[in-house]
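# Tertiary structure, described
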Amino acid sequence: MEIIKTKKENELCIVLQGRLDTTTAPQLEAELELEGITALVLDFSELSYISSAGLRVLLATQKVMNKQGEMLLRGVNEDIMEVFDITGFSDILTIE
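So, here's what we can say about the structure. (Residues numbered from 1 in each chain as written. Predicted model: local features only at pLDDT ≥ 70, side-chain atom pairs only at ≥ 80, totals over all residues. Heavy atoms only, no water.)

Here we take up the overall build of the protein chain. Regarding its fold elements, the protein chain presents four helices and four strands. Secondary structure of the protein chain in N-to-C order comes out as β-β-α-β-α-β-α-α. The C-alpha radius of gyration of the protein chain comes to 12 Å, within 12% of the 12 Å expected for a compact globule of 96 residues. Once the C-alpha set of the protein chain is aligned to its principal axes, its extents read approximately 35 × 25 × 20 Å. Residues classed as buried in the protein chain amount to 42% of the 96 residues present. Across the protein chain, contacts joining residues at least 24 apart in sequence account for 66% of those joining residues at least 6 apart. In the structure as shown, the protein chain presents an accessible area of about 5500 Å², 47% of it carried by carbon and sulfur atoms. Across the protein chain, the 8 positively charged side chains and the 17 negatively charged ones have centroids separated by 7 Å. (Helix = DSSP H or I, 4+ residues; strand = E, 2+ residues; numbered from the N terminus. Rg over C-alpha atoms; globule rule 2.2 N^0.38 Å. Buried < 20%, exposed > 50% of the residue type's maximum accessible area, 1.4 Å probe, protein only. Contact = heavy atoms within 4.5 Å. Areas by Shrake-Rupley, 256 points an atom, 1.4 Å probe, with all protein chains shown as cover. Lys, Arg positive; Asp, Glu negative; His and termini not counted. Charge placed at Lys NZ, Arg CZ, Asp CG, Glu CD.)

Taken together, the side chains of Glu78, Asp79, Glu82, Asp85 and Asp91 make up a negatively charged region of the molecular surface. For the negative patch, the leading source of residues is helix α3 (residues 78-87), giving four residues. With respect to the element layout, aspartate 79 can be found in helix α3. With a relative accessible area of 54%, aspartate 79 lands in the exposed category. (Patch = residues over 30% accessible without salt bridge, like charges linked within 9 Å, V, L, I, M, F, W, Y side chains within 5 Å. Salt bridge = Lys/Arg side-chain N within 4 Å of Asp/Glu carboxyl O.)

Glancing now at the environment of isoleucine 3. Following the sequence through the fold, isoleucine 3 ends up in strand β1 (residues 2-8). Separated by 36 residues in the primary sequence, isoleucine 3 and alanine 39 place their C-alpha atoms 17 Å from one another. Those residues within four positions of isoleucine 3 in sequence are excluded, and the remaining contacts are Ile14, Val15, Leu16, Gln27, Leu28 and Glu31.

This is the structure:
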């Protein structure tokens, strides 16, 4: 998985490319430096797959961002959206 980060003042945008799974979830977790961030955008337009390990990272990140700002997911494809719907994540995440 490739991670492209762009930070502008208090906003952090992360583009994820490839698969967010057991192998790559720790990589994303390490890249999420959220101190002072009030707006987090995760761009999923080039993400092809997400596993339960990836869902765990999203849940932990959402909990942090609930306290200090907002988190938005963009470009979620049908397959990943189906995972979010089945797991109930579509109810707790803001998906554009």
